[in-house]
Amino acid sequence: MRLDELEARYKEALAQGAGARGLEVLLRVRDHLRAKRYQEALALLEREKEALSPWVFPEELARGIRALEENPEAFLDHPFLGAEAWNLVGLRRLEDKEEAEAAFREALARDRGHLRALVNLGNLHLERGEVEEAIRLYQEALRLDPEFPQAHHNLAAAYRRKGQLDKAVFHLKRSQRLLMRPSEGGGAGKRVPFWVWLLLLALLLYLLRPKP
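Just so we're clear, the structure is a prediction, and the values are computed from it rather than from any experiment.

Moving on, we get to the pattern of salt bridges. All told, the structure shown has 22 salt bridges when counted by the stated rule. A salt bridge links Glu 48 to Arg 21; its shortest N-O distance comes to 2.5 Å. Highlighted residues: Glu 48 in the loop between helix 3 (38-47) and helix 4 (49-52) and Arg 21 in helix 2 (residues 20-34), separated in sequence by 27 residues. Given the relative accessible area of 39%, Arg 21 is considered partly exposed. Between Glu 46 and Lys 49 there is a salt bridge; the shortest N-O distance is 3.4 Å. One salt-bridge network, held together by shared partners, links Glu 7, Arg 30, Asp 31, Arg 34 and Asp 111.

This is how it looks when you write it as structure tokens:
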């Protein structure tokens, strides 16, 4: 099953009233891969073997996910893992900005909603001083997942470049809240004292002050 046809096949299955469960699970696996939640993807594959079996081989896909980070080049042509593989390759090629950008764009060609590829491509634009394009890419990532902390953090940096400190502080605080939130199944977590938030805000305002 190719990522670029997954959503269309899911909608078609819903309309026909048959076989949608396995495709829904695959969409969730895709979303975990986009955010580099490999363990969650693997757990989902293990739980939903029966639903997935008409569409993919769950064990084979799980083996690919386990090997992906160590050897992404082996999966560049994989119909389901190729987008994530190209994003990982782009990160390995950051010393050559043109090669890195080409890899991130290939990841997006295979999965137009790949969150980290959008953010990584935005980072390259931000480094080149192309702030508006960077902001557009970060916002696109947040449109897909409003709770993706990396996109909030990097959007804060882009707004700081523009001197829009109110927006920068908003997104940086949002990023910090999301990063401090307990993970799924991790319990209630500790409440952060109010004075800590005040101290953090003061630090953020200092760090985000305009440079002379």
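For the rest of this paragraph, the subject is the UniProt feature "repeat: TPR" (unreviewed entry) in the protein. Following the UniProt record, one finds the feature "repeat: TPR" (unreviewed entry) at residues 115-148. Here residues 115-148 is 79% helix and 0% strand, with 8 Å between the C-alpha atoms at its ends.

Before going further, it helps to examine the side chain of Arg 30. Mapped onto the secondary structure, Arg 30 falls in helix 2. Taking relative accessible area as the criterion, Arg 30 reaches 8% and is therefore assigned buried. Within the structure, the side chain of Arg 30 is placed 2.9 Å from the side chain of Asp 31, a separation counted as a polar contact. Leaving out residues up to four positions away in the same chain, Arg 30 has contacts with Leu 3, Glu 7, Phe 80 and Asp 111.

Two numbers describe how helix 9 (residues 131-144) lies on helix 10 (residues 149-161): the axes approach to 9 Å, and their chain directions differ by 155 degrees. One way to sum up the angle between helix 9 and helix 10 is to call them roughly antiparallel. Between helix 9 and helix 10 the crossing geometry is left-handed. For the pair formed by helix 9 and helix 10, the contact residues are Val 131, Ile 135, Tyr 138, Gln 139, Ala 141 and Leu 142 on the first element and Ala 151, His 152, Asn 154, Leu 155, Ala 158, Tyr 159 and Arg 161 on the second.

Our focus in this paragraph is helix 1 (residues 3-16). For helix 1, with 14 residues, the first-to-last C-alpha span of 20 Å sits near the 20 Å given by 1.5 Å per residue. Within helix 1 the residues assigned to the buried category are Leu 3, Leu 6, Tyr 10 and Ala 13. Summarising the axial view, the buried residues of helix 1 lie within an arc of 70 degrees, below the 170-degree limit, and thus occupy one face. For helix 1, exposure combined with an orientation more than 90 degrees from the buried face picks out Ala 8, Lys 11, Ala 15 and Gln 16. Downstream of helix 1 by a residue or two, Gly 17 has a phi angle that is positive, lying close to 75 degrees.

Procedures and definitions
Position numbers for residues start from 1 in each chain and track the written sequence from start to end. Two thresholds apply to this predicted model, a pLDDT of at least 70 for residue-level local features and 80 or more for giving and counting side-chain atom pairs, whereas whole-chain, interface and lining totals are computed over all residues. Values reported for side chains reflect all heavy atoms of the structure, with hydrogen atoms and water molecules removed beforehand. Any Lys or Arg side-chain nitrogen found within 4 Å of a carboxyl oxygen on Asp or Glu counts as a salt bridge. Secondary structure is summarised from DSSP: a helix means a run of H or I of at least four residues, a strand means a run of E of at least two, and numbering begins at the N terminus for each. Classification of residues uses two cut-offs on accessible area relative to the type maximum, computed with a 1.4 Å probe and protein chains only: under 20% is buried, over 50% is exposed, and between them is partly exposed. UniProt positions are given in the numbering used here, feature names are shortened, and annotations may be inferred rather than shown by experiment. For this analysis, a polar contact is any N or O atom pair within 3.5 Å, provided that within protein one partner can donate a hydrogen and the other can accept it, and provided that sequence-adjacent residues contribute only side-chain to side-chain pairs. By the convention used here, residues are in contact when the closest approach between their heavy atoms is within 4.5 Å. Simply put, an axis is a line fit to the C-alpha atoms, just over the touching stretch for a helix, and the angle between two N-to-C directions goes from 0 to 180 degrees. Roughly parallel means an angle under 35 degrees; roughly antiparallel means over 145; roughly perpendicular covers 65 to 115; every other angle is labelled oblique. Crossing chirality is assigned from the near helix's rotation relative to the far helix, an anticlockwise turn below a right angle marking it left-handed and a clockwise turn marking it right-handed. Here a helix's expected span is defined as the number of its residues, less one, multiplied by 1.5 Å. In this context, the arc is that of the directions from the helix axis out to the C-beta atoms.

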